[in-house]
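# Results of the structural survey
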Amino acid sequence: MSADPHDLTPCAATPLAGPAGPSRRGVLRLAAGSALAGSLLLSAAPARAAADAYDVLRLRWRDLLTGTGFDPAAEPYATALRGLGDRAGALYGTMAPGTGSLWPDLPLGSVSANITGSYVRLRTMALAWAQPGTGLTGDAGLGAAIAAGLDHLRAGAYTPTATAYGNWWDWQIGAPQALLDTCVLAYELLTAASLNGQLASVDRQVPDSRVASYTGTSTGANRVDLCRVLALRGVLGRSPAKLTTAAGALSPVFPYVRSGDGLYADGSFVQHTWVPYTGSYGEVMLGGLSKLFALLAGSAWQVGDPQRQTVFDSVDAAYAPFLYNGLVMDSVSGRAPSRGLQSADLLQLQQDDHGRGHAIIGHILRLADSGAAPAAQSAGWRAAVKGWITRDHYRPYLANAAVDLPELARAQKLLADGSVTASGERAGARVFAMDRAVVRRPGWAASLSLCSARTTFYETGNGENLRGWHTNSGLLAWWGADYGNGQYSDAFWPTVDAYRLPGTTVSRKPLADAAGGAWGAARPAAVWAGGATDGSYAAVGQDVRGLSSTLSGRKSWFLLDDSIVCLGAGISCADGVPVETVVDNRNLGAAGTHALTVDGVRQPDTLGWSGRLSGVRSLAVAGFGGYVFPGGATVNVTREERSGSWHDINVNGSTQTLTRRYLTVWFDHGTDPAGAAYAYLLMPGADAAAAAARAAAPTVTVLANTAAAQAVSDSASGVTAANFFAAGTAGPVTVSAPASVLLRESAGELAITVCDPSRASATVTVTVARSGYLGAVAGPGVTVLSVDGAVKLLVEVGGAQGAGRTVTLSRTGTPAGAVASALAPTRDGYLRDGTYGDTNYGTASTLTVKNTNTTGSGFGRRALLGFDVPAVQGAVRRAVLWTYGAVADSGGTQASLQAFATGGEAWTETAVTWNRSPSLGAALGTGRVCDAADWAGLDVTAAVAAAAGGELTLAVWQPLGAVGLAVNLNSRENAARQPFLEIISS
């Protein structure tokens, strides 16, 4: 399957964009070369003997392009090979080298995508020439045309001296990848002079300097693609230096990031700085890495960085959570869902969630077969892949014409392997730092798409995803194990009312196409998004803001066993238009008449019917699920037929008119509401009887639904969950600051998970009105202060990036207890070496630290903080120095901080300097910071315990012996988030 069209997407930090043109997937299918013919079996053309390491790698890459291990005369391969030959023959017949073009419909000189498209067509022809059974296998005329076409483009378009125009991606990734693939496939056809000329053109656009720094358009999936170009350039040019550069330049992709592009420790994947992109850019990255790992395995350039394990771990942590029955959820595919059917796609194969899912599945299986990963992980992946393929009945993997033949052959081999047992869909709940959540249950799965100051409302760019305005305003998408798997695949995006996406609360204010700006520029100012999960259940919330709107409100979703409880409150707006919350907007297909039953009464099936129904307690859509409205509610319902085209939402899309039927249920909050609210339960798969029974005998109680707090309890699971947008109380839970809290009581145990989705606090105190609990097993960052009459916790949430902290209490054991205190510094300042060694910075509002690992450079800086520590009753169990700040250095985005004890020499805030400061003592705890401001907690227990009361000076610097990055921390003079010392004693 061709890769995700990140080609036409400049990174957010580089607002460069070429003329709107076909997406990369569309371009790569102009000749259908990558869709069906991108990889078949063996070259039928004469092949040179593998004389050295470079030939070994070249032939290995050809195998990755053409596939191995299947009979080309057998179906479905024979048909695919004939189809490849037909398409290549058509391209061969229309190729007309002339001034300014290789094909008349792809003029060269102003549209960079036409260069890529021309090379992709040559790649298709080369595949047909190299494969058996195409009807053009080894054809001399075709071979001559391929060689001539390469030379024509080298002479007049992608030349060794060309100046790039249009989109950077075409020059650095799209064109050179297709060019190099063609050179591998048609290697025997090229003279040394021709091949060297092609490589010189690649060198012009992709010198080693493209991967010299991990920034701009050289991060994440883009970096992997650039490394692929350099690696194949090294293989074809027999350059060990290029191969060494390519393998080494992958290393910055592997470490977890805390901001911007890349993989996060919790399984998030972000590209373009603000966009959750696992299903699109993440697919490209995984595909590129799996191929490079396979290419270089066992060679002198094998990727040996031990941090490559993060990629292997990401299969389960980042990709698997969003794969369901073969599809990948649209919530993590950025603007890709708008691509659908591209006008330039000669095969007219629709791109959708199943297609993107199939691409990821193919990459995972390739990675498993590469031998790069630990055997146990690879075995688990094969079992998972077999399960996904087996369960995809909506668009069967083996029948998907867009699955490349190497992947098809690999999948068929897996399905035939009786030693591999297909694994089932994993149940559980996950909440991600990238403002996404997933719940998976036996029989169904759902995803939530949120946004905050950290993530975009939506991404548009290059004329794509023009009406995705509200896709991250609480969109709740869901699928059944054996129903609804085409809900968003079947022309949903071009035909749905873009103001009525399921689960969202939006203003009906008209928005222009691409409103808010391109490349994820539009982001809300709100910071509260995310929630607490114990892995089985979750409380998820969002401080909602409207795109180009005055809309605001608070929304929560509580992910339970057979239902999702949806609450909204504080919904206000002054746009002068109605505000709505969409309970659901079911795509019924082209002719669906699914029955709607409300409180036991079937409603009209007539198209155009609508109603405003009062006192509704339960509602069900046949074949999909049920909805329960606690206490009764007034809802609006309509059946309508809607028409649209992919071109309406993507300038590269087909103009064919599509029509689908919708059954929409929504709350009408009226024009300019003030403090509106709603509550309902979604029960996937439930019929009308089940929904009515739940309404009559509810298990869920709404404990709070205000702008300050939203909370529920569920008697069926023993879960109590609350989202606090401010300090306060809801049900049995009280918090000292914004937080999300999940309680689960079972078999004499109380498990409590706490997080801060706003990422504003260093610590939060949580009190739970539950008695009788004694012993406790606390995870990192949780201290049980008391269990006397109520459970009181101190939870360290700073620097956790919204992740939860958990403690489990039992009714047996020794009662836990501790005392916590927070001390403000009595003095602080930072010191600077070199010519600044006698300068005082004691009253600055920021404390700058940087270890240059040199002496007297003038750029070395460290901070000092002084505290008056009272005598502590009992032993010091834990002491943490909390500082708030961010990396402020052009050299990178992540840095370590380290605390140090000091020699105790006297100093004053207004006189201390580098040359007259306390000496450094023992190294203490460390923490990580990035270019997004956050709290960092440094463990200073040893220093505080040794102080035994009195004056204490702590230094903050960076680990010794290593060059660090400049970090600015708030000082005590800062207006907000000043440093403090937390002391916990027994």
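Look a little higher up for the structure.
All of the points below concern the structure found in this document. (Residues numbered from 1 in each chain as written. Predicted model: local features only at pLDDT ≥ 70, side-chain atom pairs only at ≥ 80, totals over all residues. Heavy atoms only, no water.)

### Quick notes on the overall build of the protein chain
A count of helical and extended segments in the protein chain gives 18 helices and 44 strands. Over its C-alpha atoms the protein chain spans a radius of gyration of 30 Å, differing by no more than 12% from the 30 Å that the globule rule assigns to 986 residues. Considered along the principal axes of its C-alpha atoms, the protein chain spans approximately 90 × 80 × 55 Å. The burial tally for the protein chain puts 62% of its 986 residues in the buried class. In the protein chain, once contacts between residues fewer than 6 apart in sequence are set aside, the share between residues at least 24 apart is 73%. (Helix = DSSP H or I, 4+ residues; strand = E, 2+ residues; numbered from the N terminus. Rg over C-alpha atoms; globule rule 2.2 N^0.38 Å. Buried < 20%, exposed > 50% of the residue type's maximum accessible area, 1.4 Å probe, protein only. Contact = heavy atoms within 4.5 Å.)

### A word on the sheet that holds strand 8 (residues 444-449)
Strand order in the open sheet formed by 4 strands is 6-7-8-9, and the pairing between neighbours is antiparallel. Every interior strand has two partners, whereas the edge strands, strand 6 (428-432) and strand 9 (475-480), have only one. Between one strand axis and the next, the sheet turns by 10° as a mean value, whatever way the strands run. Both strand 6 and strand 7 (residues 436-441) contribute to a ladder of 5 bridges, which runs antiparallel. Pairing of F432 across the sheet is with R436, part of strand 7. (Pairing = 2+ DSSP bridges. Axes fitted to C-alpha atoms, helices over the stretch in contact; angles between N-to-C directions.)

### Points about the pairing of strand 39 (residues 894-902)
Within strand 39, 7 of the 9 residues are buried, which leaves the element mostly enclosed by the surrounding structure. Bridging between strand 39 and strand 40 (residues 920-930) involves 7 bridges; their strand directions are antiparallel. Paired with T902 across the two strands is L920, which belongs to strand 40.

### Comments concerning the pairing of strand 33 (residues 805-810)
Successive residues of a regular strand alternate their side chains across the two faces of the sheet. Note: strand 28 (residues 749-755) against strand 33, 6 bridges, orientation antiparallel. Bridge assignment links T753 to a residue of strand 33, and that residue is T806.

### Here's the deal with the packing of helix 12 (residues 353-370) against helix 13 (residues 375-391)
For the pair helix 12 and helix 13, interaxial distance at closest approach is 9 Å and the crossing angle is 150°. Judged by the inter-axis angle, helix 12 sits roughly antiparallel to helix 13. In this structure, the crossing between helix 12 and helix 13 has a hand that is left-handed. Contacts from I361, I364, L365, L367, A368 and D369 of helix 12 reach helix 13 at S378, W381, R382, V385, W388 and I389. Residues of the contact of helix 12 with helix 13, tallied by class, amount to 9 nonpolar, 1 polar and 2 charged. (Parallel < 35°, antiparallel > 145°, perpendicular 65-115°, else oblique. Left-handed = near helix turned anticlockwise from the far one by under 90°. Nonpolar A, V, L, I, M, F, W, Y, C, P; charged D, E, K, R; others polar.)

### Side note on the pattern of salt bridges
Side chains that carry opposite charge are capable of pairing whenever their charged atoms lie near each other. Applying the stated rule across the entire model yields 44 salt bridges. Notably, a salt bridge pairs D181 with R123, separated by 3.0 Å at the nearest N-O pair. Highlighted residues: D181 in helix 6 (residues 168-185) and R123 in helix 4 (residues 112-130), separated in sequence by 58 residues. Of the two residues, D181 and R123, both sit in the buried class. The structure contains a network of salt bridges with shared partners spanning R366, D369, R382, E407 and R410. (Salt bridge = Lys/Arg side-chain N within 4 Å of Asp/Glu carboxyl O.)

### Considerations on the layout of surface pockets
Looking at the largest pocket, its volume works out to about 1,200 Å³. If you trace the largest pocket, you find 45 residues lining it, with S259, G260, D261, T893 and D931 closest to the centre. Here the second largest pocket is characterised by a volume of approximately 480 Å³. Taken together, 35 residues line the second largest pocket, and the ones lying closest to its centre are N465, R467, G468, T471 and W493. Taken together, the residues of the lining of the second largest pocket sort by class into 16 nonpolar, 12 polar and 7 charged. (1 Å grid on protein atoms, 1.4 Å probe; cavity = no way out; pocket = protein on both sides within 12 Å on 5 of 7 lines; lining within 4 Å. Points joined across faces, edges and corners; volume = space filled by probe spheres on them.)

### Quick look at the packing of aromatic side chains
Considering all chains together, one arrives at 25 aromatic pairs under this definition. Ring geometry for F667 against Y678: centres 5.6 Å apart, planes inclined by 25°, an arrangement best described as stacked. With F667 in strand 20 (residues 658-671) and Y678 in strand 21 (residues 676-684), the pair connects residues that are 11 residues apart, well separated along the chain. Members of the aromatic cluster, joined through ring pairs, are W479, Y488, F492, W493 and Y662. Lying across the ring of Y773, R811 places its NZ or CZ 4.1 Å from the centre. (Phe/Tyr/Trp six-rings, centres within 6.5 Å; stacked < 30°, edge-to-face > 60°. Lys NZ or Arg CZ within 6 Å of the ring centre and 35° of its normal.)

### Focus: the packing of helix 10 (residues 281-296) against helix 11 (residues 309-319)
Contact pair helix 10 / helix 11: the axes reach a minimum separation of 12 Å and the direction vectors enclose 150°. Between helix 10 and helix 11, the angle falls in the class roughly antiparallel. Here helix 10 and helix 11 pass one another in a crossing that is left-handed. Side by side, helix 10 and helix 11 meet where G282, E283, M285, L286, L289 and F293 of the first sit next to V311, F312 and Y319 of the second. The residue makeup of the contact of helix 10 with helix 11, split by class, is 7 nonpolar, 1 polar and 1 charged.

### Things to note about the side chain of D756
By the element assignment, D756 lies in the loop between strand 28 and strand 29 (763-768). In this structure D756 is buried but unpaired, with R977 as the nearest side chain of opposite charge at 7.7 Å. A distance of 2.9 Å separates a polar atom in the side chain of D756 from the backbone nitrogen of A760. Here the side chain of D756 touches S761 through a polar contact of 3.0 Å, landing on its backbone nitrogen. The residues contacting D756, other than those within four sequence positions of it, are P738, A739, S761, V797 and G802. (Lys, Arg positive; Asp, Glu negative; His and termini not counted. Polar contact = N/O pair within 3.5 Å; in protein donor to acceptor, adjacent residues only side chain to side chain.)

### Section: the side chain of T504
With respect to the helices and strands, T504 occurs in the loop between helix 15 (492-495) and strand 10 (505-507). The class for T504 is buried, based on a relative accessible area of 0%. For T504, the side chain forms a polar contact with the main-chain oxygen of L501, separated by 2.7 Å.

### Comments concerning unusual backbone geometry
If you check the backbone angles, R238 has positive phi at about 50° while not being a glycine. Its place among the elements puts R238 in the loop between helix 8 (220-236) and helix 9 (240-248). The backbone phi angle of A514 is positive, close to 65°, even though this residue is not glycine. With respect to the secondary-structure elements, A514 resides in the loop between strand 10 and strand 11 (529-533).

### Regarding helix 6
The end-to-end C-alpha distance of helix 6, which contains 18 residues, comes to 25 Å, matching closely the 26 Å that a straight helix rising 1.5 Å per residue would cover. At P176, helix 6 shows its maximal bend, which comes to roughly 35°. Of all 18 residues that make up helix 6, 18 are buried, and the element is covered over most of its length. One side-chain oxygen of the residue at the start of helix 6 lies 2.9 Å from the amide nitrogen of W169, identifying that residue as N167. (Expected span 1.5 Å × (residues − 1). Bend = angle between axes of the 7 residues up to and from the residue.)

### Overview of the environment of V733
Within the secondary structure, V733 is located in strand 26 (residues 733-735). With 91 residues separating them in the primary sequence, V733 and A824 have C-alpha atoms 28 Å apart. In contact with V733, other than residues within four places in its own chain, are F724, G728, V741, L743, V766 and T767.

### Points about the nonpolar core
By size, the foremost hydrophobic cluster in this structure holds 187 residues, and its most contacted members are Y119, M125, I564 and F629. Sort the elements by how many residues they give to this core and helix 6 lands first, with 11 residues. In this structure, F629 is in contact with V583, V616, R617, S618, L619, V635, F667, A679 and Y680, ignoring residues within four places of it in sequence. (Core = buried A, V, L, I, M, F, W, Y, C linked by side-chain atoms within 4.5 Å.)

### Topic: helix 13
Here helix 13 contains 17 residues, and its C-alpha end-to-end distance of 25 Å stays within 8% of the 24 Å for a straight helix at 1.5 Å per residue. All of the buried residues in helix 13 are Q377, S378, W381, A383, A384, V385, K386, G387, W388 and I389. The elements touched by buried residues of helix 13 are helix 11, strand 4 (323-324), helix 12 and helix 14 (405-416).

### Quick look at the sheet that holds strand 24 (residues 719-724)
Here 7 strands make up an open sheet; going across it, the order is 22-23-24-27-28-33-30 and the pairing antiparallel. Two strands close off the open sheet at either side, each with one partner strand: strand 22 (700-705) and strand 30 (776-778). With direction set aside, neighbouring strand axes in the sheet form an average angle of 10°.

### Comments concerning the environment of V253
Within the fold, V253 resides in the loop between helix 9 and strand 1 (262-263). Beyond its immediate chain neighbours, meaning those up to four positions away, V253 contacts Y214, G220, R223, V224, M285 and L289.

### Here's the deal with the environment of G834
The topology assignment puts G834 in the loop between strand 35 (827-832) and strand 36 (846-849). Distance in space between the C-alpha atoms of G834 and L127 is 63 Å, their sequence separation being 707 residues. Leaving out residues up to four positions away in the same chain, G834 has contacts with G856 and G858.

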